[in-house]
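Analysis of the macromolecular model
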Amino acid sequence: MSLARILQCPIKTRMYRSMNIELCDVSLRDGLQTESASEWNTCRKYEYVNSVLSSSKHRENPAKIEVGSLVSPRVFPIMEDTLKVHSYASKLIKVKDVDVEPFVLVPSFSRLNKALVNGIEHISFISSVSDVFQQKNTGKTVDQTLIDLGMCAKFLEIYGPHVRTKLYISCISECPINGQLSMRDIVYNCMRNAAIGFDEVCLSDTCGTLTHTELAEITENLSLLGFPMNKISLHLHADHTNAREVDNILRYSFMRGIRMFDVSSLSSGGCSRTMAVGKTKPNLSYELFYGSLEKYLMSMN
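So, on to the environment of Gly-179. Relative to the elements of secondary structure, Gly-179 occurs in strand S7 (residues 179-180). By relative accessible area, Gly-179 is classed as buried at 18%. In the structure, Gly-179 is positioned 89 residues away from Ser-268 in sequence and 22 Å away in space, judged by C-alpha atoms.

Counting across every chain of the model gives ten aromatic pairs. A centroid spacing of 4.9 Å and a plane angle of 20° characterise the contact between Phe-125 and Phe-198, whose relative ring orientation is stacked. In this pair, Phe-125 is assigned in strand S4 (residues 122-128) and Phe-198 in the loop between helix H8 (183-194) and strand S8 (200-204), connecting sequence segments 73 residues apart. Here the aromatic rings of Phe-261 and Phe-289 are separated by 5.1 Å at their centres, their planes lie at 50°, and the arrangement is tilted.

Core analysis: the largest hydrophobic core is formed by 84 residues, its most contacted members being Phe-125 and Phe-289. The biggest single contributor to this core is helix H11 (residues 286-300), with six residues. Setting aside anything within four residues of it in sequence, one finds Phe-125 in contact with Val-106, Leu-112, Leu-149, Cys-152, Leu-156, Thr-165, Lys-166, Leu-167, Tyr-168 and Phe-198.

Reading around the circumference, S1-S2-S3-S4-S5-S8-S9-S10 is the order of the eight strands in this closed barrel, with parallel pairing throughout. Recorded for the sheet is a direction-independent mean angle of 30° between the axes of neighbouring strands. The pairing of strand S1 (residues 22-25) with strand S2 (residues 64-69) spans two bridges and is classified as parallel. For Cys-24, the partnering residue across the bridge sits in S2 and is Lys-64.

All right, on to helix H4 (residues 82-96) then. Taking 1.5 Å of rise per residue, 15 residues should cover 21 Å, and H4 covers 21 Å from first to last C-alpha, within 8% of that figure. Considering only its buried residues, H4 is in contact with helix H3 (42-54), S2 and strand S3 (101-105). Looking at the residues trailing H4, positive phi occurs at Asp-97, about 55°.

With that settled, consider the pattern of salt bridges. Counted by the stated rule, this structure contains 15 salt bridges. For Asp-30, the salt bridge is made with Arg-29, and the minimal N-O distance between the two is 3.8 Å. We classify Arg-29 as buried; its relative accessible area is 4%. For Arg-164, the salt bridge identified is with Glu-101, shortest N-O distance 3.3 Å. Of this pair, Arg-164 sits in strand S5 (residues 164-170) while Glu-101 sits in strand S3, and the two are 63 residues apart along the sequence.

Time to look at the packing of helix H9 (residues 212-224) against helix H10 (residues 243-256). Look at H9 against H10: their axes get within 9 Å of each other, and the N-to-C directions meet at 25°. Taken as axis vectors, H9 and H10 run roughly parallel relative to one another. Here H9 runs over H10; the crossing is right-handed. For the pair H9 and H10, the contacting residues are His-212, Leu-215, Ala-216, Thr-219, Glu-220 and Ser-223 in the first and Glu-245, Asn-248, Ile-249, Tyr-252, Ser-253 and Arg-256 in the second. In the contact of H9 with H10, the residues fall into four nonpolar, five polar and three charged.

Reading the values: the criteria
Residues numbered from 1 in each chain as written. Predicted model: local features only at pLDDT ≥ 70, side-chain atom pairs only at ≥ 80, totals over all residues. Heavy atoms only, no water. Helix = DSSP H or I, 4+ residues; strand = E, 2+ residues; numbered from the N terminus. Buried < 20%, exposed > 50% of the residue type's maximum accessible area, 1.4 Å probe, protein only. Phe/Tyr/Trp six-rings, centres within 6.5 Å; stacked < 30°, edge-to-face > 60°. Core = buried A, V, L, I, M, F, W, Y, C linked by side-chain atoms within 4.5 Å. Contact = heavy atoms within 4.5 Å. Pairing = 2+ DSSP bridges. Axes fitted to C-alpha atoms, helices over the stretch in contact; angles between N-to-C directions. Expected span 1.5 Å × (residues − 1). Salt bridge = Lys/Arg side-chain N within 4 Å of Asp/Glu carboxyl O. Parallel < 35°, antiparallel > 145°, perpendicular 65-115°, else oblique. Left-handed = near helix turned anticlockwise from the far one by under 90°. Nonpolar A, V, L, I, M, F, W, Y, C, P; charged D, E, K, R; others polar.

Okay, structure coming up:
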């Protein structure tokens, strides 16, 4: 299933465009965390960026592309060339004249100045609702992460008011280390993270076990607490074991007014620092996303 099929129908096309869907291609960041640096050299990343930008004319595909992370190369050697890839993507966006935002993940306040000095104007950060996950992934507790993120927000108010920000909140259903989390803790920690004030809050289903009823409970509670749905995005992991439930999640999201979604064209992805080899699920694919979207549009017609 592809966007081209939706655009073949004038009625579906009008409905689709009225929704103002925003996709973020996360292939070169989350999609590569389980891959080998030797298999993904800089030139191959350039080729992938070019392919994504070539499909983005008139915003018919990704509005954003996450090109890497400023994490230490000792942790993820595959991210060592992130600044080169970002520079290439930024220049190519101008050459192709496409409206695409190149994001880079900044793991901590200590790396934020490096991002700004290198002209990065679209920055993602990462947090969690699980202490043990956050400690294994970043070396900080959730409380310590919130302090660090608060410093990032204050710094950007002064030195980067033009910077577009995105905050990933991991483990919104299950922690890969501690298992299922209580809904009370999930909602409480989601709200603590969201209150920092970043432009976009990305609810991340780290283990690929989220259900549409769990998402409904999270989003309804956030809404009751005054958090706007148009600032929420979703980061899902899907394979044959949970594809039907992901379809339910997407259709609920469309109905609820959530319009931003992370996608990838790679059959890889997931947090290799916290999950064993073979336990991670790929990022949400374009095919699954557009298939769910078409079914939703047909049901609304």
